[in-house]
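Descriptive structure summary
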Amino acid sequence: MRGIRQHVNPLGAHFLEVRAQPIAIPPGFERVEVELGCADAQFSFELADRHPEWFVVGLEIRETMLELLHERVQHRTSPIPNLVFGYVNLNIDLDRVFEPGTVDRFHLLFPDPWFKQRHRKRRVVEPGLLEVVARQLVEGGELHFASDVFELALDAMAELEEPRDRGARPAQPSRRVEISTRQSLWRSQPARNQDPRTGPASLADGLPKADPMPALTHESWLRREPFTLVLSAGFFGFFAHVGVLLGLEQAGLRARRVVGVSAGAIAGGLWASGIPASELAVALGLVRREDFWDPSWRGWARDDDPGTRLGLLRGRKLDRLLADQLATCGVDRIEDCSVAFAPVSHDLLARRTIVHDQGPLRPAIRASAALPGMFGPVRIAGRLHADGGISDRSGLSALARDERALYHHLPRSRGTGLGRLVPGAGSELGDTRELANRQVLTIGELPRVGPQQLQNGPLAMARAREGTLRWLESGVSQADRRPR
């Protein structure tokens, strides 16, 4: 028998690719029942057998398991036309599987508890999944959740009973939580002033008493009015920037304008051109060192490439990577981007920051990311431009005085030393100060990524995505609510 992994990391690079396919619901069935993470699908098979008038769908992330389930259906002695199976990563692409308002009940039975603290970000019951479930349920539909892990059951109940403010949403579905655990709630350690022979009136009473939710979360601040997304410079920081874009997309937030410096120009420019963050995540996960490594001393034939040979790398392979991605959306110029985009570079002769709002897109991105020593300066309109982080690492100079902005700050990487090259490269303390019209997102403990550590890129994306979702739910400080 083929070996099947019992646990898979849903945030691994292989599973970040959006590839779930829509499932058509045939007419004539009374109900649509969906098992999420069906595993061996014993529940789905029994449900379909007992209720031939219901259409039953089993969804699973492990493709080897899906192959076995399809074989099991084909080799049954009696046909089972009301049962189908499909692939899904619940936190990535469930929204592609069903049309809104078409499912009567979702079943999420005994999901992986991911006990270790560092693995808890992999748990599937999180606000993003619940939003998708709410949209796809019919009016009055149900989410049936069951767990034999007491802590996980309480965490799930807390998420279900305390929905966050997420803007306009469909009516909340009916929610049912079934808990099966060896330790009943009233057998847990009683409080000193509580009679140990009695228990709480309900399971909800057993939940830890949390502080009141802040009146204004970062997510509600962003939804309140249009905002600009500013992506800072940072050595190979485009992985983290794409993780932030993944989190914003999952929350349904879309910037009206993007400003990008260096790595931020690469991630921000590709996204602003019309490439979804999920597709960028897949593309970046496939990049290898040889895909962009073209030493300047190789090949001295003259050409019309705007790059120069004043760095370790020529940059033509980077240009080819950008061209391949931009070809999917047909954007060649900055002003043609689907979202307004402003890459930031440094004019070497004028010694000042340049914010580009028009002109060829690829040379502007390359110039913004032309890290001194690694890439040579790039010619734009007859002038030499280099990494925008030389004079404006944050990109905040591209903002109008009262422009509302979310600034994703990547802390300085040891080893680039741009702050020593130009004393006016910007103050990290000043850049990260939150104002009434500016919120700052800084995600700590991201894995180091570089030419020799590209394997850490997908992990950096996943952690940045999770960090963004947590930040969106956190509260805006009182100081940042003052009138502008």
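Residues numbered from 1 in each chain as written. Predicted model: local features only at pLDDT ≥ 70, side-chain atom pairs only at ≥ 80, totals over all residues. Heavy atoms only, no water.

1. A short note on the overall build of the chain
If you tally the helices and strands in the chain, you get 13 helices and 14 strands. Buried positions account for 52% of the 484 residues belonging to the chain. (Helix = DSSP H or I, 4+ residues; strand = E, 2+ residues; numbered from the N terminus. Buried < 20%, exposed > 50% of the residue type's maximum accessible area, 1.4 Å probe, protein only.)

2. Digging into helix α6 (residues 238-250)
Here α6 spans 18 Å end to end across 13 residues, near enough to the 18 Å set by a 1.5 Å rise per residue. Summarising burial for α6: twelve of the 13 residues are buried, a large majority. Considered for burial, the residues of α6 that qualify are F238, F239, A240, H241, V242, G243, V244, L245, L246, G247, L248 and Q250. Just downstream of α6 lies G252, where phi reads positive at about 75°. (Expected span 1.5 Å × (residues − 1).)

3. Topic: the packing of aromatic side chains
Where two aromatic rings form a pair, the distance of their centres and the angle of their planes describe that pair. Scanning all chains against the criterion turns up eight aromatic pairs. Relative to F55, the ring of F29 has its centre 5.4 Å away and its plane inclined at 40°; by these criteria the two rings are tilted. Separated by 26 residues along the polypeptide, F29 in the segment before β1 (31-36) and F55 in strand β2 (residues 54-60) bring together distant segments of the chain. Classification of F29 as partly exposed rests on a relative accessible area of 28%. With 6.2 Å between their ring centres and 70° between their planes, F292 and W293 make a pair best called edge-to-face. For the residue pair F292 and W293, the accessibility class agrees, reading buried in each case. When the ring centre of W54 is taken as origin, the NZ or CZ atom of R31, which lies over that ring, is 5.3 Å away. (Phe/Tyr/Trp six-rings, centres within 6.5 Å; stacked < 30°, edge-to-face > 60°. Lys NZ or Arg CZ within 6 Å of the ring centre and 35° of its normal.)

4. Looking at the state of the cysteines
Simply put, the disulfide is a covalent bond whose two ends are the sulfur atoms of two cysteines. Under the defined criterion, the tally for this structure stands at zero disulfides. Counting only cysteine sulfurs, C337 is the nearest neighbor of C329, a cysteine outside any disulfide, at a range of 7.7 Å. (Disulfide = S-S within 2.5 Å.)

5. Digging into the side chain of T228
On the secondary structure map, T228 appears in strand β7 (residues 228-231). T228 sits in the buried class, given a relative accessible area of 0%. What T228 contacts, discounting residues up to four positions off in sequence, is R256, R257, V258, V259, L399, E403, R404, A405 and L406. (Contact = heavy atoms within 4.5 Å.)

6. Points about the pattern of salt bridges
This structure, assessed with the given rule, holds 14 salt bridges. For the salt bridge of E33 with R105, the shortest nitrogen-to-oxygen distance reads 3.1 Å. Placement of the pair is E33 in strand β1 and R105 in strand β4 (residues 103-109), with a sequence separation of 72 residues. Two residues, D305 and R366, come together in a salt bridge whose shortest N-O distance is 3.0 Å. (Salt bridge = Lys/Arg side-chain N within 4 Å of Asp/Glu carboxyl O.)

7. Some points on the confidence of the model for the chain
Residues of the chain with pLDDT of at least 70 account for 74%, and the chain-wide mean is 80. In the model, residues 163-214 has pLDDT below 50 throughout and makes 69 contacts with residues more than four positions away in sequence or in other chains. (pLDDT = per-residue confidence, 0-100.)

8. A few points about the environment of G268
Structurally, G268 is set in helix α7 (residues 263-272). When its relative accessible area of 1% is taken as the criterion, G268 is described as buried. A sequence separation of 23 residues divides G268 from L245, and the C-alpha atoms of the two residues are 8.8 Å apart. In contact with G268, not counting residues within four places along its chain, are L231, V258 and F341.

9. As for the pairing of strand β10 (residues 352-355)
Sheet topology places strand β9 (residues 340-347) next to β10; four bridges connect them, and they run antiparallel. Across the sheet, residue S345 finds its bridge partner in β10, namely I354. The hairpin formed by β9 and β10 contains four residues between the paired strands, and R351 there has a positive phi angle of roughly 55°. (Pairing = 2+ DSSP bridges.)

10. What to know about the nonpolar core
If you look at the biggest cluster of nonpolar residues, it comprises 67 residues, and the most contacted ones within it are L222 and F239. The leading source of residues in this core is α6, at eight residues. In contact with L222, other than residues within four places in its own chain, are F227, L248, L253, R404, L406, W471 and L472. (Core = buried A, V, L, I, M, F, W, Y, C linked by side-chain atoms within 4.5 Å.)

11. Notes on the environment of P52
Here P52 lies in the loop between α1 (42-50) and β2. The residues touching P52, leaving out its near neighbours within four places in the chain, are F29 and N82.

12. Some remarks on the packing of α6 against helix α8 (residues 277-285)
Where α6 meets α8, the closest approach of the two axes is 9 Å, and the angle between their N-to-C directions is 150°. Accordingly, the angle class assigned to the pair α6 and α8 is roughly antiparallel. Considering the relative orientation of α6 and α8, their crossing is left-handed. Contacts between α6 and α8 involve F238, F239, V242, L245, L246 and E249 on the former and, on the latter, A277, S278, L280, A281 and L284. Partitioning the contact of α6 with α8 into residue classes produces nine nonpolar, one polar and one charged. (Axes fitted to C-alpha atoms, helices over the stretch in contact; angles between N-to-C directions. Parallel < 35°, antiparallel > 145°, perpendicular 65-115°, else oblique. Left-handed = near helix turned anticlockwise from the far one by under 90°. Nonpolar A, V, L, I, M, F, W, Y, C, P; charged D, E, K, R; others polar.)

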